[in-house]
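Here is what each chain is made of, one letter per residue.
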Amino acid sequence: MKNFDFFGDRDEVGSVEAGMALIPTTIFFLLILQIVLAGTWQVIERSRVHDYAIRSTISPTQIEDSDYAVNESERSYGTLRTYYSSKKIPIIGGLLDRFNDNSARIKVTAVSVQ
């Protein structure tokens, strides 16, 4: 007759502890991944704003885009245009919509002088 062992097989000892250590490690990995994705998204948005600033400087009559706010002011050295963009990060922003609308946004600014 086999003796009843409370812990099961000796090969299984420690598997619960290993699983409990895996949960915070996975959560930490996902948080780091979101930070990397947010940084990458900021680089993409910055390049889009700079592209828009360059295209509108070359041909201002052909560019119409409502995603960017443009502030124009006359200075002694020329016309200063400041382009603003504020967009929600798609991955993190969707998770944090319940807390605050502006909690996970990327704000990018570009400047051109003519």
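Residues numbered from 1 in each chain as written. Predicted model: local features only at pLDDT ≥ 70, side-chain atom pairs only at ≥ 80, totals over all residues. Heavy atoms only, no water.

Trainee: Is there a simple way to think about the side chain of S85 in this case?
Mentor: Along the chain, the position of S85 falls in strand β2 (residues 78-88). Under the relative-accessibility criterion, S85 is labelled buried at 4%. For S85, the residues in contact, after removing those within four places along its chain, are E45, V49, D67, Y68, I106, K107 and V108. (Helix = DSSP H or I, 4+ residues; strand = E, 2+ residues; numbered from the N terminus. Buried < 20%, exposed > 50% of the residue type's maximum accessible area, 1.4 Å probe, protein only. Contact = heavy atoms within 4.5 Å.)

Trainee: Got a minute to help me understand the side chain of T82 in this structure?
Mentor: As for its placement among the helices and strands, T82 is situated in strand β2. Residue classification places T82 among the buried positions, given a relative accessible area of 11%. Setting aside residues no more than four positions away along its own chain, T82 makes contact with A69, V70, N71, T109, A110 and V111.

Trainee: Whenever I open this one, the pairing of strand β3 (residues 105-113) confuses me. Can you help?
Mentor: Successive side chains on a regular strand alternate, one facing one side of the sheet and the next facing the other. Going residue by residue along β3, you find I106, V108, A110 and S112 tucked away on one face and R105, K107, T109, V111 and V113 left uncovered on the opposite face. Bridge analysis of β2 against β3 gives nine bridges, and the strand direction is antiparallel. Bridge pairing in β3 links L80 to V113. (Pairing = 2+ DSSP bridges.)

Trainee: Would you mind going over the sheet that holds β2 with me for this structure?
Mentor: Where strands meet in a sheet, backbone hydrogen bonds hold them as pairs that are either parallel or antiparallel. Here we have three strands laid out as an open sheet, ordered β1-β2-β3, and antiparallel in their pairing. Both outer strands of the open sheet, β1 (69-75) and β3, are each paired with one neighbouring strand and no more. For this sheet the average axis-to-axis angle between neighbouring strands, irrespective of direction, equals 15°. (Axes fitted to C-alpha atoms, helices over the stretch in contact; angles between N-to-C directions.)

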